[in-house]
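# A structural walkthrough
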Amino acid sequence: MPLTQPLRVHELSSEEAALYRTLDPTRIPEHVAIIMDGNGRWAGKRAMKRFRGHQQGAESVHFVVETASRINLPYLTLYAFSLENNLRRPKSEVSFLMKLLRSYLVGNVKRMQDNNVRMAYIGRIHELPEEVQETMQWAEAETAKNTGTTLTLALNYGSRCEIVDAARLTMQNTLAEAKRRGISVEDLLAVDEHAGITEDSLSAAMYTHALPDPDLLIRTSGEMRISNFLLWQIAYAELHVTDLLWPDFRGLHLLESIAEFQRRDRRYGGIGQVETDEELPDPAPVLHG
Ligand code: FPP
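Computed from a predicted model, the values in this text were never measured in an experiment.

Criteria and thresholds
Residues numbered from 1 in each chain as written. Predicted model: local features only at pLDDT ≥ 70, side-chain atom pairs only at ≥ 80, totals over all residues. Helix = DSSP H or I, 4+ residues; strand = E, 2+ residues; numbered from the N terminus. Buried ≥ 20, exposed ≤ 12 C-beta atoms within 10 Å, placed from the backbone. Contact = placed C-beta atoms within 7 Å. Near = placed C-beta within 6 Å. Nonpolar A, V, L, I, M, F, W, Y, C, P; charged D, E, K, R; others polar. Core = buried A, V, L, I, M, F, W, Y, C linked by C-beta atoms within 7 Å. UniProt positions renumbered as here; feature names shortened; annotations may be inferred. Pairing = 2+ DSSP bridges.

Once that is clear, we can look at the overall build of the protein chain. Broken down by element type, the protein chain carries 10 helices and 6 strands. Counting only C-alpha atoms, the protein chain reaches 60 × 50 × 50 Å along its principal axes. A buried classification covers 35% of the 289 residues belonging to the protein chain. Taking all contacts inside the protein chain whose residues are at least 6 apart in sequence as the whole, residues at least 24 apart take part in 79%.

See the structure below:
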């Protein structure tokens, strides 16, 4: 659903506004997800410590969120911290990222209010340090009534883990429903197959249940990987990989990705054109050798 807020395109930079004018405003994606990558390399290129790259990466988050809100992008989801980051990075770097997240939230809630941005999170949030969770809950509550862009941060997030959690929850729901009706699971599924595991029941049990699937997935730093991000949800997303490192990514680059998205022909497995369903000949034999 497109947002109905007044567009704040007049707040875009002149370069952004020029690019925005080339876009079809009726085909702005509903949900853009971004794998923010390359902070470490950005710092390494400048002979700086990795944490400086993360610090600069937080600035990019601020700029990109602001542009997203100015063009009324309904949903923006950022991969800020994966389960693997949590397990495999030095403790000092993880601790810096946690402090940076808190500082970003504390320092940006006022701007989020000004930009009508609502905060949300996905991931194994309950495993994050207590004080980080408290700041997250505070930012979410402060921005809960905002009706513009929903900014979702994926934190301590892993997609396979999300799918496993969703499957477990669906199974528990099925067992509970069978118990409520006083019948066995087999009998329940015989009368109502939707009470079991279906695409809809799994989607409804994902951390992302309140979000539409992403239309566009952007990855920075040129890596051609999905890195365990929203595997279920990106089934039909358009992928856009840019060589830019995340700390160099700005709102203008978000608009460039949307322009590229609008040049794509999305067919969702169909053929994208109306063709009569005429009788076709049998396939010719497929010969070997
Ligand atoms: C990937 O770069 C980035 C991360 C693991 C963390 C993302 C964090 C931020 C953008 C900053 C803080 C975010 C918020 C929401 C305040 P990398 O370290 O893997 O880079 P490399 O591949 O070049 O080493």
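After that view of the structure, there is still more to cover.
Moving on, we get to the site of the ligand. In the vicinity of the ligand there are 18 residues, among which Asn39, Gly40, Arg41, Gly57 and Tyr104 approach most closely. Taken together, the elements giving at least two residues each to the shell around the ligand come down to α2 (39–45), α3 (50–70), β2 (75–82) and α5 (91–114). Here the element with the most residues in the shell around the ligand is α3; it accounts for 4 residues. Looking at side-chain class alone, the shell around the ligand contains 10 nonpolar, 6 polar and 2 charged residues.

Ranked by size, the top nonpolar core spans 58 residues in total, and within it Ile34, Leu76, Leu78, Tyr79, Ala80 and Ala154 carry the most contacts. In terms of residue count, β2 provides more of this core than any other element does, 6 residues in total. If we ignore the near neighbours within four places in the chain, the residues touching Leu76 are Val32, Val65, Ala68, Thr149 and Leu151.

As a further point, take the UniProt feature "active site" (unreviewed entry) in the protein chain. Under the present numbering, the feature "active site" (unreviewed entry) in UniProt falls on Asp37 and Asn85. These residues run over 49 residues, yet every pair of their C-alpha atoms falls within 11.9 Å of each other. With respect to the secondary-structure elements, Asp37 resides in the loop between β1 (31–35) and α2. When residues no more than four places from it in sequence are discounted, the contact partners of Asp37 are Arg219, Thr220, Ser221, Glu223 and Trp246. By the element assignment, Asn85 lies in helix α4 (residues 83–88).

Its identity is not glycine, yet Asn72 carries a phi of approximately 65 degrees, on the positive side. Phi is positive for Asn228, close to 60 degrees, though the residue is something other than glycine. Its location among the elements puts Asn228 in the loop between β5 (216–219) and β6 (238–241). According to the C-beta neighbour criterion, Asn228 is partly exposed, with 16 such atoms within 10 Å.

Now for the UniProt feature "binding site: Mg(2+)" (unreviewed entry) in the protein chain. Mapped onto this numbering, the UniProt entry gives "binding site: Mg(2+)" (unreviewed entry) at Asp37 and Glu238. Residue classification places Asp37 among the buried residues on the basis of 22 C-beta atoms within 10 Å. According to the C-beta neighbour criterion, Glu238 is buried, with 20 such atoms within 10 Å.

Residues in a regular strand project their side chains so that they alternate between the two faces of the sheet. Counting buried positions along β2 yields 8 of 8 residues, so the element is predominantly enclosed. Sheet topology places β1 next to β2; 5 bridges connect them, and they run parallel. From the neighbouring strand, Ile34 faces β2, where its bridge partner is Leu78. Where β2 lies against strand β4 (residues 150–157), 7 bridges are found, and the strand directions are parallel. Considered in β4, the bridge of Thr77 is made with Thr152.

Turning next to the pairing of β5. Alternating positions in β5 separate into two faces, Leu216 and Ile218 on one and Leu217 and Arg219 on the other, with burial throughout. Where β1 lies against β5, 4 bridges are found, and the strand directions are parallel. Bridge assignment links Ile35 to a residue of β5, and that residue is Arg219. Sheet analysis places β5 next to β6, joined by 4 bridges and oriented parallel. Bridging across to β6, Ile218 finds its partner in His240.

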